[in-house]
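Analysis of the macromolecular model
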Amino acid sequence: MVGRQVLALVIGVRVPARQQGKGACRLRKEVVGIAIVRRMDSCVFCSLPAVRQRFIVATRLSAAFPTNIPIVPGHTILIPRRHIARWDELTPAEQADLEALRQRICAALRHAFGAEGFNFAWNEGKVAGQSIPHLHLHVLPRKQGDTGVWQYEPRRFLYRPGSRAPSPEEELQEVAALIRAHLPPQRE
Ligand SMILES: [Zn+2]
């Protein structure tokens, strides 16, 4: 279970004498509860004091702070305060809070860093390059001729290697139909 650990709470229970068989222990250990706790102690976003001290703003549900390895100046990370790994684990309230925070941060980055555009990105799952199992959204303020770019091609991950010939319309419609056929019902 990624990011979580199971704790069994064990206490000693004194066993009445009449229930004690020959050689029985006076104290019987019993599992009185099992708690699933988030493994927050090993998460840099949850446990690193430097991250907390770097908070630009924090609400009850989310927080924003500059990353320590910025791709461009002003590169900001947005996180839910709760330690979760995936976007789908966000509650509707957390999603709304993150979105409100994203808008505030973008407004600030337009003023503070002259942002003319943004890259928004998050990696979800190890296979997609998620290195910290705490959901985090990258917000990169971009502007013409910006500096600080380091081995980064803004649209690189949206390109495929080799031929870039457009796919046939028919194939694209098949893909659309396949995805549509698997859409969960719309939530009310
Ligand atoms: Zn965390």
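Up top is the structure.
Let me sum up the structure you'll find in this document.

A short note on the overall build of the chain
The secondary structure content of the chain amounts to four helices and seven strands. Order of helices (α) and strands (β) in the chain, N terminus to C terminus: β-β-α-α-β-β-β-α-β-β-α. By residue count, 14% of the 188 residues in the chain fall in the buried class. Look at the contacts in the chain between residues 6 or more apart in sequence, and 59% of them connect residues 24 or more apart.

Here we look at the environment of Ala50
Within the secondary structure layout, Ala50 lies in helix 2 (residues 49–53). Its 9 C-beta neighbours within 10 Å are what place Ala50 among the exposed residues.

Some remarks on the environment of Ile84
If you trace the backbone, Ile84 turns up in the loop between strand 5 (76–80) and helix 3 (92–113). We classify Ile84 as partly exposed; it has 18 C-beta atoms within 10 Å. Separated by 49 residues in the primary sequence, Ile84 and Pro133 place their C-alpha atoms 7.3 Å from one another. Sequence-distant contacts of Ile84, that is, excluding residues within four places in its chain, are made with Glu89, Leu90 and Leu135.

With respect to helix 3
In this model helix 3 runs 30 Å from its N-terminal to its C-terminal C-alpha over 22 residues, within 8% of the 32 Å that 1.5 Å per residue would give. Buried within helix 3 are the following residues: Glu94, Asp97, Leu98, Leu101, Ile105 and Leu109. Down the axis of helix 3, the smallest arc covering the buried residues is 105°, so these residues share one side. In this structure, helix 3 carries Pro92, Gln103, Ala107 and His111 as exposed residues pointing more than 90 degrees from its buried face. Buried residues in helix 3 make contact with strand 4 (62–66), strand 5 and strand 7 (137–142). Directly after helix 3, the chain includes Gly114, whose backbone phi takes a positive value near 65°.

Analysis parameters
Residues numbered from 1 in each chain as written. Predicted model: local features only at pLDDT ≥ 70, side-chain atom pairs only at ≥ 80, totals over all residues. Helix = DSSP H or I, 4+ residues; strand = E, 2+ residues; numbered from the N terminus. Buried ≥ 20, exposed ≤ 12 C-beta atoms within 10 Å, placed from the backbone. Contact = placed C-beta atoms within 7 Å. Expected span 1.5 Å × (residues − 1). Arc of directions from axis to C-beta.

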